[in-house]
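What follows is each chain in one-letter form.
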There are 2 protein chains.
Amino acid sequence: MSNEAQTQSEEAYLASYNPLDYPPIAACVDVLALTIRDRKLCVLLIERDRQPAKGCWALPGGFINADDPADPAEVAARVLALKTGLGRVSKATFGRVHLEQLGTYGAAHRDPRMRVISIAYLAFAPDLPDPETGDYGVAAWVPVTELGLPEVLGDRDVTQAPGTSKKLAFDHAQIIADGIERARSKLEYTPLGCAFVNEPFTVGELRSVYESVWGEPLHASNFHRKVLSVPGLVTAVEGKDSTRANPRGGPKARLYRRGDARLLHPALLRPAREDDIR
Amino acid sequence: MSNEAQTQSEEAYLASYNPLDYPPIAACVDVLALTIRDRKLCVLLIERDRQPAKGCWALPGGFINADDPADPAEVAARVLALKTGLGRVSKATFGRVHLEQLGTYGAAHRDPRMRVISIAYLAFAPDLPDPETGDYGVAAWVPVTELGLPEVLGDRDVTQAPGTSKKLAFDHAQIIADGIERARSKLEYTPLGCAFVNEPFTVGELRSVYESVWGEPLHASNFHRKVLSVPGLVTAVEGKDSTRANPRGGPKARLYRRGDARLLHPALLRPAREDDIR
DNA sequence: TCAAAAGTGTTCAGCATACACCCATGG
DNA sequence: CCATGGGTGTATGCTGAACACTTTTGA
């Protein structure tokens, strides 16, 4: 079979093709945006002002239009720009937001309206401005500890009172739990932590990120040495910390930018816990 | 707002809801099934007997019907049962196949027919029977080295001649490359290798799996010690290898089953390569 | 002067690696 | 008896974790 003949018959096939022969369903993109505010890991949520799930927290998202030339990652970036206030900040800031696909959620009745396949994206950003009110309700950065998700608290902070009693819409609790676990894991073997701080940053700021995401204190001096020893994780820049001096004194810290490594060798492992097997 | 009032208004909303207000697109599930045959990592492919992409290799897959109560993972299991010959093998074998979501591919024109969102699943199985001819063409287990994917060969086996010149349909080359990289990575920190061997297995068989997937020889005695030292990776069973004796002599090896660990601590790291940073 | 945080030195235990070696088995 | 592969012992070098300590700053 020649290539031309194949192309021709493919064209003939497509001319006679009827899209409605295939089952139409809806596809949307939901974005789980994480940042750190006041040393707490926060997720961007919208309090829905309409049905379904009116009054619940929901992840920002949008449907994928069949005619939209954007691929899902581009849709996610668009959602993020509209819902975080990132549309107002500089392009440089926008470019530093890390976006990656988390997973796709398509159970039969996860949305009461119709069959909806949701492609979830995970975004990591340094402290961003307060979000604007979006098309579907009021947006806010919510500390993950206030969501009362057992998967997130992990038997650790169970004494912590859930500050928000609002429920999460659809299956978004599961998406959030999956995303946070992904973030915790990727801190270990990628330079993801650098995505949560503004450059240039100090090693102490970076350590604070790790402590916030993992939810446990780290050994400061060993962390310091480890970060500097991993090739490509950070690169030193001239000057020392000036604006962000220590609240009650202490030496001015050196400043760094993220390096060019994409994978960390060796990894920055979180402290081993007792329930080691699993 | 009381819960009842909210429920009532949600019901009223849904009664007035028209699904066609939302943009219909198609969603499908593609399965990247990996196994090891003759010490080579192989992927299940179908030679398409129809347009589009007639004559190309394609991953087995199926569309998700909006009325289908199955979630995407169940669709993937169904696809696998239909296309691998797993429908003929015992339920015990079927239950031991590991299935996980790989990622979702939804670029605008990845399928010439219409906008199709493809949810890719990754399946790992011990050596399975030859596949049957499916609805869309002849299925076969194809060694990944014959696909000529640079991402897979990784500058290592470039001398190896690509045995198959057939092209891959749609964006399936990308899906395969992503899936193989996922498999290589997960060998390190999960008991995934055990999914590729029939139980009970010997440490040598397990080592052969690692060597096939990583594409490089391992130090036999250190591997042996390491496997036994990782808690929960394998558990010993009574008896020694009888049927699968060494071709040219050697002691009979002890037999093991996979343990109950889900994550390996410490991990089984692949040998460090020179291009360490990336 | 004191508290807090940055950063360095040092020790020690555990692990990965390499190599030597013995054993069991089938040809 | 010899090649092959299973399995154990052991020395070595590196890394992570812990601890002590000095330095730098602001209150």
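Residues numbered from 1 in each chain as written. Chains lettered and ligands numbered in written order. Predicted model: local features only at pLDDT ≥ 70, side-chain atom pairs only at ≥ 80, totals over all residues.

### Quick word on the overall build of chain A
Within chain A, the regular secondary structure consists of seven helices and nine strands. Nonlocal contacts in chain A, meaning residues at least 24 apart in sequence, comprise 68% of its contacts between residues at least 6 apart. (Helix = DSSP H or I, 4+ residues; strand = E, 2+ residues; numbered from the N terminus. Contact = placed C-beta atoms within 7 Å.)

### Quick notes on the confidence of the model for chain A
Within chain A, residue pLDDT values average 83, and 78% of them lie at 70 or more. Note that pLDDT drops below 50 for residues 1-6 of chain A; the model gives that stretch four contacts with residues more than four away or on any other chain. (pLDDT = per-residue confidence, 0-100.)

### Here's the deal with the nonpolar core
Among the nonpolar cores identified, the biggest contains 133 residues, and Leu32 and Ala123 of chain A together with Leu32 and Ala123 of chain B are the most heavily contacted of them. If near-sequence neighbours (up to four positions away) are discounted, Ala123 of chain B is found in contact with Val31, Leu32, Ala33, Leu34, Leu80, Val97, His98 and Leu99 of chain B. (Core = buried A, V, L, I, M, F, W, Y, C linked by C-beta atoms within 7 Å. Buried ≥ 20, exposed ≤ 12 C-beta atoms within 10 Å, placed from the backbone.)

### As for the environment of Asn222 of chain A
Residue and element names in this part refer to chain A. With respect to the helices and strands, the residue Asn222 is situated in helix H7 (residues 220-229). For Asn222, a count of 9 C-beta atoms within 10 Å puts it in the exposed group. In this structure, the C-alpha to C-alpha distance between Asn222 and Lys186, residues 36 residues apart in sequence, is 20 Å.

### A short note on helix H5 (residues 172-189) of chain B
Two residues of an α-helix separated by three or four positions point the same way, owing to the 3.6 residues in each turn. All names here are of chain B. An ideal rise of 1.5 Å per residue puts 26 Å on 18 residues; H5 measures up with 26 Å between its terminal C-alpha atoms. For H5, the set of buried residues is His172, Ile175, Ile176, Gly179, Ile180, Ala183 and Leu187. Along H5, the residues classed as buried sweep out an arc of 130° about the axis, all on the same side. (Expected span 1.5 Å × (residues − 1). Arc of directions from axis to C-beta.)

### Things to note about the packing of helix H6 (residues 203-214) of chain A against H7 of chain A
Residues and elements named next belong to chain A. For the pair H6 and H7, the least separation of the axes is 10 Å and the interaxial angle reads 110°. Put simply, H6 runs roughly perpendicular to H7. For the pair formed by H6 and H7, the contact residues are Val203, Leu206 and Arg207 on the first element and Ala220, Phe223, His224 and Val227 on the second. (Axes fitted to C-alpha atoms, helices over the stretch in contact; angles between N-to-C directions. Parallel < 35°, antiparallel > 145°, perpendicular 65-115°, else oblique.)

### Topic: the packing of helix H5 (residues 172-189) of chain A against H6 of chain A
In a packed pair of helices, the relevant descriptors are the angle between the two axes and the axis-to-axis distance. Residues and elements named next belong to chain A. Between H5 and H6, whose axes approach to 10 Å, the crossing angle comes to 145°. In this structure, H5 crosses over H6, and the sense of that crossing is left-handed. Side by side, H5 and H6 meet where Ala183, Arg184 and Leu187 of the first sit next to Tyr210, Val213 and Trp214 of the second. Of the residues that constitute the contact of H5 with H6, the class distribution is five nonpolar, no polar and one charged. (Left-handed = near helix turned anticlockwise from the far one by under 90°. Nonpolar A, V, L, I, M, F, W, Y, C, P; charged D, E, K, R; others polar.)

### Some words on the pairing of strand E6 (residues 116-124) of chain A
Across a regular strand the side chains alternate sides, sitting on one face of the sheet and then on the other. Residue and element names in this part refer to chain A. Taken across its nine residues, E6 has nine buried, putting it largely inside the fold. Here E6 shows a buried face lined by Val116, Ser118, Ala120, Leu122 and Phe124 and a second buried face lined by Ile117, Ile119, Tyr121 and Ala123. In terms of strand pairing, strand E1 (residues 26-37) meets E6 through nine bridges, oriented parallel. Note that in E6 the partner of Val29 across the bridge is Ile119. Bridging between strand E5 (residues 98-105) and E6 involves seven bridges; their strand directions are antiparallel. The residue of E6 that forms the bridge with Thr104 is Ile119. (Pairing = 2+ DSSP bridges.)

### Observations regarding the environment of Ala267 of chain A
Residue and element names in this part refer to chain A. Here Ala267 shows up in the segment after strand E9 (254-258). Judged by the 16 C-beta atoms lying within 10 Å of it, Ala267 is partly exposed. Note: C-alpha distance between Ala267 and Glu188 (79 residues apart in sequence) is 5.6 Å. If we skip the residues at most four places from it in the chain, Ala267 touches Glu188 and Tyr189.

### Quick word on unusual backbone geometry
That bond from His265 of chain A to Pro266 of chain A is cis: its omega, -5°, falls within 30 degrees of zero. Along the polypeptide, Pro266 of chain A turns up in the segment after E9. The peptide bond linking Glu199 of chain B to Pro200 of chain B adopts the cis configuration, its omega dihedral lying at -5°. Inspection of the secondary structure puts Pro200 of chain B in the loop between H5 and helix H6 (203-214).

### Digging into the environment of Thr145 of chain B
Residue and element names in this part refer to chain B. For Thr145, the position within the fold is in the loop between strand E7 (137-143) and helix H4 (150-153). Thr145 gets classed as buried once you count the C-beta atoms within 10 Å, which come to 20. Along the sequence, Thr145 and Ile25 sit 120 residues apart, while their C-alpha atoms lie 35 Å from each other.

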